[in-house]
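The lines below spell out each chain.
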Amino acid sequence: MSYASNIFRHSKKLKSVPGKLRHDHAILVRWLSSDAISFPNSREYILKLGQRGYVPSERDRAYNIYSKSAINPSMSTGTHLELGSQLVGPVLSRGLSSSLGQYRRSFSSGSGLPPHQEIGMPSLSPTMTEGNIARWLKKEGDQVSTGEVLCEVETDKATVEMECMEEGYLAKIVHGDGAKEIKVGEVIAITVEDEEDIAKFKDYKPSDAAAAPVPAPKDSSVSAPPKPDSSSFPPHQDIGMPSLSPTMTEGNIARWLKKEGDQVSTGEVLCEVETDKATVEMECMEEGYLAKIIHGDGAKEIKVGEVIAITVEDKEDIAKFKDYKPSDAAASPKDSSVSAPPKDVVEKPTSSPKLKASKPNEAKESGGRIFASPLAKKLAEENNVSLSSIKGTGPDGNIVKADIEDYLSSRGKEVSSASSEVDKTSVSTLDYSDIPLSQIRKVTASRLLLSKQTIPHYYLTVDACVDKLVELRAELNSLQEASGGKRISVNDLVIKAAALALRKVPQCNSSWTNDYIRQYHNVNINVAVQTDNGLFVPVIRDADKKGLSTISKEVKLLAQKAKENNLKPEDYEGGTFTVSNLGGPFGVEQFCAIINPPQAGILAVGSAKKRVVPGAGIDQYVFASFMAVTLSCDHRVIDGAIGAEWLKAFKGYIENPETMLL
């Protein structure tokens, strides 16, 4: 009983420990007595303690085991416990949650460091293997409590707040603000229980931590050269290519508005980034100095997250980044499965492609098994190449990516040699120019191809009489001119009619997902605008609730911004339906448009043409103007009858436009 009372009196952690005993095999008791204690049957005694009210939390179960013998080698039994030693159940090593297992207690007698808590990079999503430190909300020396936010961690999905699991003091931050590509489990900070222990971790380095060393390759001749020590650079901020739209995977640098050495402040525009939608200004998130521009004006196809510039806090640190190169940054290599062999090992004379396939049996010397890197296996499978026909040039004869590429290039030369001779003369007579693809052109092509390949399109066409619409437009424009407002176009009336028809038939204001159909309560109409840079679709939000004058003003403003390539993400994201008009500007009578995913419909508007139609009396004929409109529908979302109902409502608003004003 006295031992149990000692625990309740001395342990700092019992305040936050839940009072439930979950699994007796995972019991963990932290003994905080100043004297060594022994008892005959430790397991039964611990179970009694659990019955008396002490039950370890999930966090406490994640601690490492440190026996008495680790502190005093002369004592080898595990039944003696002292301050700082811990006792765990027999199956603690069965595995814990990855989010809990990043906290472990260490005691290093060799370095003279006191007991401390190693905080590792947590696994915050099922696919996360590494993360970045966005910023620390606590600084070294601060007192921290359970549940307080220590830092913001940028995962592969989002930026997540990392909370403290145990009270104490933040003694050392191993990876500071902006640290990139930290492996899950790698130590990022150290906490201690006593404030006087903080100073002992002033010179603590990651190399002091008990981390498993990375095994060196057997063949040192083919190992990659060591990367320069990042500690040679002063503290700095890596600015990566931002993700400025949901579909953006890479971007281009249009131009830099700041140059190296310039002082930058929060909110200032650093550069203009060409995304898959538009050219967007990229603002500075922190004040400092622009030390290095890694990707200059006109840089193309920069992956999202790739470092494009470096900023520092102190002006005197700018010169230290003069020779900074992207290879110095802590970026993961593209293929880390096999060390890159030297160039002279991989390169082979192009005149003798048979060297790769001359001895197929050489790859089977090790008991019939073919050794190849995962990337090489994938590349061979994609190109239907047998690994047995490839001679490996990697370590120990392993087949690497370069071997597959050399084989494919040599095979291509053999196949195309005869045809290239025949076609050479005909191709040389053609006169052509290769136009570089803009980012918006690439994304438009890929999204439209995806739409036609994955969305089951069908088309419905009706002719709507627009005589009353034209008359109403003339009356409204006379009022607009008198009040100094913008003129209303036929397209503005079409947008309003489409929005009201979507409100009347909401099934068409929807999108498809694999698990459900999402029906939107906002009617946001995208309007297709053709520019010299490509096709843009700015959005008119809540078009069903806006007046014609407001719609006209917004359409003209957004069209001008699109032509100037100045659209922002909020100008084109969030649409639920699209209108494309080739009739008014170009005189196209009728066409079928491609659905803009994830939307379920798009309206193609043709030009108005005069026709002779029957009049009121017998043998009477009159002229009337009719406009052909075609609705493209996603058959997964909009059934034929629903699409026809929407067109009927749209036609009613066009032929009786005064109902739109009610």
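Refer to the structure presented above.
Details of the overall build of the protein
So, step 1. A count of helical and extended segments in the protein gives 13 helices and 29 strands.
So, step 2. Residue burial in the protein is summarised as follows: out of 662 residues, 42% are buried.
So, step 3. Long-range pairs, those at least 24 residues apart, make up 65% of the contacts in the protein between residues at least 6 apart in sequence.
So, step 4. For the protein, the accessible surface area stands at approximately 36,400 Å², while carbon and sulfur atoms represent 52% of it.

So, the pattern of salt bridges
So, step 1. Throughout the structure, instances matching the rule amount to 19 salt bridges.
So, step 2. Close ionic contact of Asp317 with Lys320 constitutes a salt bridge, the shortest N to O distance being 3.4 Å.
So, step 3. Asp317 sits in the buried class, given a relative accessible area of 7%.
So, step 4. Linking Arg611 and Asp463 is a salt bridge whose minimum nitrogen-to-oxygen distance equals 3.1 Å. Here Asp463 lies in strand β20 (residues 457–465) and Arg611 lies in strand β28 (residues 601–614), a separation of 148 residues in the sequence.

A look at the packing of helix α9 (residues 490–504) against helix α13 (residues 640–655)
So, step 1. Where α9 contacts α13, the axes come no closer than 9 Å and their chain directions differ by 135 degrees. In terms of orientation, α9 and α13 fall into the oblique class. Note that α9 runs across α13; the crossing there is right-handed. Contacts between α9 and α13 pair Val494, Ala497, Ala498, Leu500, Ala501, Leu502 and Lys504 from the former with Trp646, Ala649, Phe650, Tyr653 and Ile654 from the latter.

With respect to the nonpolar core
So, step 1. One finds Ile525, Leu603, Trp646, Phe650 and Ile654 to be the most contacted residues of the largest nonpolar core, which totals 54 residues.
So, step 2. Ignoring sequence-local partners within four residues, the contact set of Ile525 consists of Ile495, Ala499, Leu502, Pro538, Val539, Ile540, Ala543, Phe577 and Val579.

A look at the sheet that holds strand β8 (residues 159–163)
So, step 1. Read from one edge to the other, the open sheet built from four strands follows the order β8-β7-β5-β10, with strand pairing classed as antiparallel. Both outer strands of the open sheet, β8 and β10 (182–183), are each paired with one neighbouring strand and no more.
So, step 2. Sheet topology places strand β5 (residues 130–136) next to strand β7 (residues 149–154); four bridges connect them, and they run antiparallel. Among the inter-strand pairings, Trp136 is bridged to a residue of β7, identified as Cys151.

Notes on the side chain of Asn565
So, step 1. In this structure, Asn565 sits in the loop between α10 (548–563) and α11 (569–572).
So, step 2. Note on Asn565: relative accessible area 17%, which makes it buried.
So, step 3. In this structure the side chain of Asn565 is engaged in a polar contact, spanning 2.6 Å, whose partner is the side chain of Thr279.
So, step 4. Those residues in contact with Asn565 that sit more than four places away from it in its chain are Ala278, Thr279, Asn533 and Phe536.

With respect to a nonpolar patch on the surface
So, step 1. A cluster of nonpolar residues, Val612, Tyr621 and Phe623, forms a patch on the protein surface that exposes about 390 Å² of accessible area.
So, step 2. With respect to the element layout, Val612 can be found in strand β28.
So, step 3. Judged by its relative accessible area of 53%, Val612 falls in the exposed class.

Digging into α13
So, step 1. Look at α13: 22 Å from first C-alpha to last across 16 residues, which is about the 22 Å you get at 1.5 Å a residue.
So, step 2. Listing the buried residues of α13 in full gives Ile642, Gly643, Trp646, Leu647, Ala649, Phe650, Tyr653 and Ile654. Along the axis of α13, the buried positions cluster into a sector of 160 degrees, meaning they face one direction only. Seen from the open side of α13, the exposed residues pointing more than 90 degrees away from its buried face are Ala641 and Lys648.
So, step 3. Against β20, α8 (467–483), α9, β27 (577–581), β28 and β29 (621–634) lie the buried residues of α13.

Some remarks on the sheet that holds strand β12 (residues 236–240)
So, step 1. Pairing is antiparallel across the open sheet formed by four strands, whose spatial order is β12-β19-β17-β14. Two strands lie at the open edges of the sheet, namely β12 and β14 (263–264), each paired on one side alone.
So, step 2. Relative to strand β17 (residues 288–293), β14 runs antiparallel, the two being bridged by two bridges. The partner of Gln263 across the bridge, within β17, is Tyr289.

Cut-offs and rules
- Residues numbered from 1 in each chain as written.
- Predicted model: local features only at pLDDT ≥ 70, side-chain atom pairs only at ≥ 80, totals over all residues.
- Heavy atoms only, no water.
- Helix = DSSP H or I, 4+ residues; strand = E, 2+ residues; numbered from the N terminus.
- Buried < 20%, exposed > 50% of the residue type's maximum accessible area, 1.4 Å probe, protein only.
- Contact = heavy atoms within 4.5 Å.
- Areas by Shrake-Rupley, 256 points an atom, 1.4 Å probe, with all protein chains shown as cover.
- Salt bridge = Lys/Arg side-chain N within 4 Å of Asp/Glu carboxyl O.
- Axes fitted to C-alpha atoms, helices over the stretch in contact; angles between N-to-C directions.
- Parallel < 35°, antiparallel > 145°, perpendicular 65-115°, else oblique.
- Left-handed = near helix turned anticlockwise from the far one by under 90°.
- Core = buried A, V, L, I, M, F, W, Y, C linked by side-chain atoms within 4.5 Å.
- Pairing = 2+ DSSP bridges.
- Polar contact = N/O pair within 3.5 Å; in protein donor to acceptor, adjacent residues only side chain to side chain.
- Patch = residues over 30% accessible without salt bridge, like charges linked within 9 Å, V, L, I, M, F, W, Y side chains within 5 Å.
- Expected span 1.5 Å × (residues − 1).
- Arc of directions from axis to C-beta.

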